[in-house]
2 protein chains.
Amino acid sequence: MALTLKAMAYFTTALRHGNIAKAAAELNIAASAIATAIDQVEAEFGLTLVTRQRARGIQANASGREVARKCARLLEEYRSLLAEGAALKQSLSGTLRVGYYAPIAPAFLPQILENCLLHGTDVTLELEECDNDQAQDGLLEGRYDAILFVTEDLRPALTYDTLLTAPPYCLLPATHPLAAHPSITMAQIAREPLVVLNRPVAASYYEGLFEPGARQAPVVAYANSTEMVRSLVAAGRGCAILNMRPLTSESYSGAKVVERPITDDLPPLTLAIGYDRSAPRRIVQVFADGCRRHFARTGRAQCIVPPAPR
Amino acid sequence: MALTLKAMAYFTTALRHGNIAKAAAELNIAASAIATAIDQVEAEFGLTLVTRQRARGIQANASGREVARKCARLLEEYRSLLAEGAALKQSLSGTLRVGYYAPIAPAFLPQILENCLLHGTDVTLELEECDNDQAQDGLLEGRYDAILFVTEDLRPALTYDTLLTAPPYCLLPATHPLAAHPSITMAQIAREPLVVLNRPVAASYYEGLFEPGARQAPVVAYANSTEMVRSLVAAGRGCAILNMRPLTSESYSGAKVVERPITDDLPPLTLAIGYDRSAPRRIVQVFADGCRRHFARTGRAQCIVPPAPR
DNA sequence: TAAACAAAATCGGACAAGCAGAGGTAGGCA
DNA sequence: TGCCTACCTCTGCTTGTCCGATTTTGTTTA
């Protein structure tokens, strides 16, 4: 590794000029540096590559020209490597790999992607649904460029931007007596059969919202997808507590559900986007900005049920 | 040029191991050097390429693997560049460009080349006939790999090996009265019409062999090729003084000539091979060795007319 | 829960490499 | 013969690289 790229660059420049002094001027360095570089190249190959004639400059022999050509090619590829690296950072093309915590993202992710990408850009999306821990670990291990997750069991090394704090709300069948109230208390919910979203973070979060011993009716179902929860609720099996709201109030089964704020002072879930904030690829930055913009404007109102005034 | 080949090598090795310490062990350097190299690569591209997890090693993300692949390719080409350079020095293939002073080489050059090259080797020969000064300058300027020349008007910077010292001899028509003598004096030649080889070095050399005012018969012809001189002499136009002897005693015209040593103490011509002795390509070294061997053995007797005992 | 372990980050100092600038020298040219 | 050009050499300074020790952080095991 004695022969450095720098030496090659000096060498080829000197041969191109046939003159050490001119090459030094072009490169803005001292002539002695160039002379040294030429010596290094010759030493590396153990060949005489240039004839140095005082007062007449330098001249490459056939081997020297051969070597210079090869070096120039290598330098060219080096430059293109750097350029490709810059492109990797700059371009909107490439693959954007997003991991998202299953219950939170489907409500808004397509809309964001629609807004900030895909306008004729050459981006391949890889969207992967996973649990909150998997998302965080996947980001840390480089499997994802960005993750949408909630800040529970937060990994310390992870950098993220908060997008939204979503208070829990109560999901009821449209025909349920409580649906007539504009807002509901936890005490009321405690008397209703409950459908619980059974995901790693969610289940414990929702159970934890109740005072110990407060529950008076059973959990009638655990379901591990939001849509199943909504469908069960719509079918009248019970009510549920959720944080994120889909854009529709219909369930898959077609029956109507209603969302009602909860008056109790409950800890919200914090939705965040995690990504490498120090040196993101441009496409990642664009996506993260798009997410933030989305929730700064319309997104917030769409995705949460605002707490009731108390 | 901040990103050195060395840094790339460290970087790729570290990623290959997924572990800085192991990479350091493989490369026999300190781990901190590798950590620095990784930092350099990331800084160069302004991207996070590697996630470092204490107690778990390092892991490249997609961009990191991409960059590592590109770097590995560049390193591969660097190694092949070095290998090609070494081959340039080592191989017997390639082009051997020989410049030779016209009057001296044709007598023996084909035989040498036959002996030391061309045994199934992949060598292209470029033989260029020229004058003594052109040969020397061409070597210094890298146009020739080796030159066969005489050490008159010697360029100071030129390195060479002496092959042969060739005393002048007298060339006579076979029918000439002097041809009966085993050797001849300059005084005898001075009375004969003379044919002179008119080449830059030769003409003055031959004229200088005579004492000032000693010539009693005219120069009947100047000819600028050895063969023309021999033909003129064979035709009986006069006699000539030469140094190198062809392998045949017939001239192109078919008439016979004879060579006779000169008894006077005259300066010989020194035949030499000039080439870069400090770092020759292998093919050049082989050729030069072949020349020296040739004249150490049979070549000498074939090419000169030994001086007569006085 | 604590202790032991593993691996990366950090820091300071030693060493080497690269470079600038001055002075020297050989070759070309008028 | 003297001047000019352009390379070479040498010295000291600056920068970079590397090592080794220490610290920090995270994992695994008792």
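Residues numbered from 1 in each chain as written. Chains lettered and ligands numbered in written order. Predicted model: local features only at pLDDT ≥ 70, side-chain atom pairs only at ≥ 80, totals over all residues. Heavy atoms only, no water.

**Q** In this structure, what is going on with the side chain of glutamine 136 of chain B? I would like to understand it.
**A** All names here are of chain B. By the secondary structure assignment, glutamine 136 is in helix α6 (residues 132–140). Accessibility expressed as a relative area gives 0% for glutamine 136, which makes it buried. From its side chain, glutamine 136 meets the backbone oxygen of glutamate 152 in a polar contact 3.4 Å long. In terms of polar contacts, glutamine 136 uses its side chain to reach the backbone amide nitrogen of arginine 155, at 2.7 Å. (Helix = DSSP H or I, 4+ residues; strand = E, 2+ residues; numbered from the N terminus. Buried < 20%, exposed > 50% of the residue type's maximum accessible area, 1.4 Å probe, protein only. Polar contact = N/O pair within 3.5 Å; in protein donor to acceptor, adjacent residues only side chain to side chain.)

**Q** Would you mind going over the interface of chain A and chain B with me for this structure?
**A** One widely used convention gives an interface's size as the accessible area the parts lose upon coming together. The interface is formed by 45 residues belonging to chain A together with 44 residues belonging to chain B. Summed over both sides, the interface between chain A and chain B buries roughly 3700 Å², with carbon and sulfur atoms accounting for 63% of that surface. For the pair chain A and chain B, the number of links is four salt bridges. Of the charged contacts in the structure, one is a salt bridge between lysine 70 of chain A and glutamate 84 of chain B, with a shortest N-O distance of 2.5 Å. Counting the contacts that link chain A with chain B gives twelve residue pairs in polar contact (both at pLDDT 80 or more). (Contact = heavy atoms within 4.5 Å. Buried area = accessible area lost by both parts, 1.4 Å probe. Salt bridge = Lys/Arg side-chain N within 4 Å of Asp/Glu carboxyl O.)

**Q** Looking at this model, I keep getting lost on the protein's contact with DNA strand D. Mind explaining?
**A** Within the structure, DNA strand D sits among 21 residues, and Ile20 and Arg52 of chain A together with Tyr10, Ala30 and Ser32 of chain B are positioned closest to it. Of all DNA strand D atoms lying within 4 Å of any protein atom, the proportion belonging to sugar or phosphate reaches 71%. The contact in question runs from a phosphate oxygen of DNA strand D to an N or O atom on the side chain of tyrosine 10 of chain B, over 3.0 Å. When residues of the surface near DNA strand D are assigned to their parent elements, the largest contribution, three residues, is made by helix α3 (residues 31–45) of chain B. Here the surface near DNA strand D is built from residues that sort into ten nonpolar, six polar and five charged. (Near = heavy atom within 4 Å. Nonpolar A, V, L, I, M, F, W, Y, C, P; charged D, E, K, R; others polar.)

**Q** Whenever I open this one, the relation of the copies chain A and chain B confuses me. Can you help?
**A** Between the two chain copies there is a screw-like relation: a rotation about an axis and a shift along it. When chain A is fitted onto chain B, the two copies agree to an RMSD of 0.2 Å after a turn of 180° and an axial shift of 0.0 Å. Here the transformation between the copies is reduced to the relation of a two-fold axis. Residue by residue, 98% of the interface of chain A is reproduced at the interface of chain B, so both copies engage with the same surface. (Least-squares fit on C-alpha atoms with pLDDT ≥ 70 in both.)

**Q** Hey, could you run me through helix α6 (residues 132–140) of chain A in this one?
**A** Among all positions in α6 of chain A, only Asn132, Ala135, Gln136, Gly138 and Leu139 of chain A are buried. Viewed along the axis of α6 of chain A, the buried residues span an arc of 165°, placing them on a single side of the element. Of the surrounding secondary structure, the elements contacted by the buried residues of α6 of chain A are β3 (94–101), β4 (123–130), β5 (146–150), α8 (200–208) and β12 (269–275) of chain A together with β1 (50–53) of chain B. (Arc of directions from axis to C-beta.)

**Q** Could you clarify how one ought to interpret the sheet that holds strand β10 (residues 239–242) of chain A in this entry?
**A** Sheets are built from strands that pair by backbone hydrogen bonding, the pairs being arranged parallel or antiparallel. Residues and elements named next belong to chain A. Read across the sheet, five strands follow the order β9-β8-β10-β7-β11 without closing on themselves; strand pairing throughout is mixed. The open sheet has two edge strands, β9 (219–223) and β11 (257–261), and neither has a second partner. Going from strand to strand, the sheet's axes swing by 30° on average, the running direction of each strand aside. Those strands touched by α8 are β8 (194–197), β9 and β10, and its axis lies near 140° from that of β8. (Pairing = 2+ DSSP bridges. Axes fitted to C-alpha atoms, helices over the stretch in contact; angles between N-to-C directions.)

**Q** Just checking my understanding: could you explain the protein's contact with DNA strand C for this structure?
**A** Taken together, 22 residues sit near DNA strand C, with Tyr10 and Ala30 of chain A together with Ile20, Arg52 and Arg54 of chain B positioned nearest. In DNA strand C, atoms within 4 Å of the protein come 71% from sugar and phosphate. A distance of 3.2 Å separates a phosphate oxygen of DNA strand C from a polar atom in the backbone of alanine 21 of chain B. One of the backbone N or O atoms of alanine 55 of chain B is found 3.5 Å from a sugar or linking oxygen in DNA strand C. Counting residues per element, the ones that place at least two in the surface near DNA strand C are α1 (5–17) and α3 (31–45) of chain A together with α2 (20–27), β1 and β2 (57–60) of chain B. For the surface near DNA strand C, the class distribution of residues is nine nonpolar, seven polar and six charged.

**Q** Could you clarify how one ought to interpret the packing of helix α1 (residues 5–17) of chain B against α2 of chain B in this entry?
**A** Residues and elements named next belong to chain B. One can describe the packing of α1 onto α2 by two numbers: an axis separation of 8 Å at closest approach and a directional angle of 125°. In terms of their interaxial angle, α1 and α2 are classed as oblique. Judged by the twist between their axes, the crossing of α1 over α2 is right-handed. The residues of α2 that touch α1, namely those facing Tyr10, Thr13, Ala14, Arg16 and His17, are Lys22, Ala23, Glu26 and Leu27. When the residues that make up the contact of α1 with α2 are grouped by side-chain class, the tally is four nonpolar, two polar and three charged. (Parallel < 35°, antiparallel > 145°, perpendicular 65-115°, else oblique. Left-handed = near helix turned anticlockwise from the far one by under 90°.)

**Q** Quick question: what am I supposed to make of the sheet that holds β4 of chain A here?
**A** Residue and element names in this part refer to chain A. Across the sheet, which stays open at both edges, the five strands sit in the order β4-β3-β5-β12-β6 with mixed pairing between neighbours. The open sheet is flanked by β4 and β6 (160–166), the only strands paired with a single partner. Direction aside, the axes of adjacent strands within the sheet are offset by 15° on average. Here three bridges tie β3 to β5, and the two strands are oriented parallel to one another. Bridging from a neighbouring strand, glycine 99 pairs with isoleucine 147 of β5. Of the strands in this sheet, β3, β4, β5 and β12 are in contact with α6, which crosses β5 at around 145°.

**Q** Teacher, can you tell me more about the domain arrangement of chain A here?
**A** Residue and element names in this part refer to chain A. According to the domain assignment, chain A consists of domain 1 (5–90), domain 2 (94–164 + 273–303) and domain 3 (168–261). In this structure, domain 2 and domain 3 have C-alpha centres spaced 27 Å apart. Each partner contributes to the interface: domain 2 provides 16 residues, whereas domain 3 provides eleven residues. For the pairing of domain 2 and domain 3, the buried interface totals around 1100 Å² over both sides, and the portion due to carbon and sulfur atoms is 59%. The interface formed by domain 2 and domain 3 includes one salt bridge. Linking domain 2 with domain 3 are five residue pairs in polar contact (both at pLDDT 80 or more). At three residues, helix α11 (residues 298–303) tops the list of elements feeding residues into the side of domain 2 that touches domain 3. (Domains from an automatic or database assignment.)

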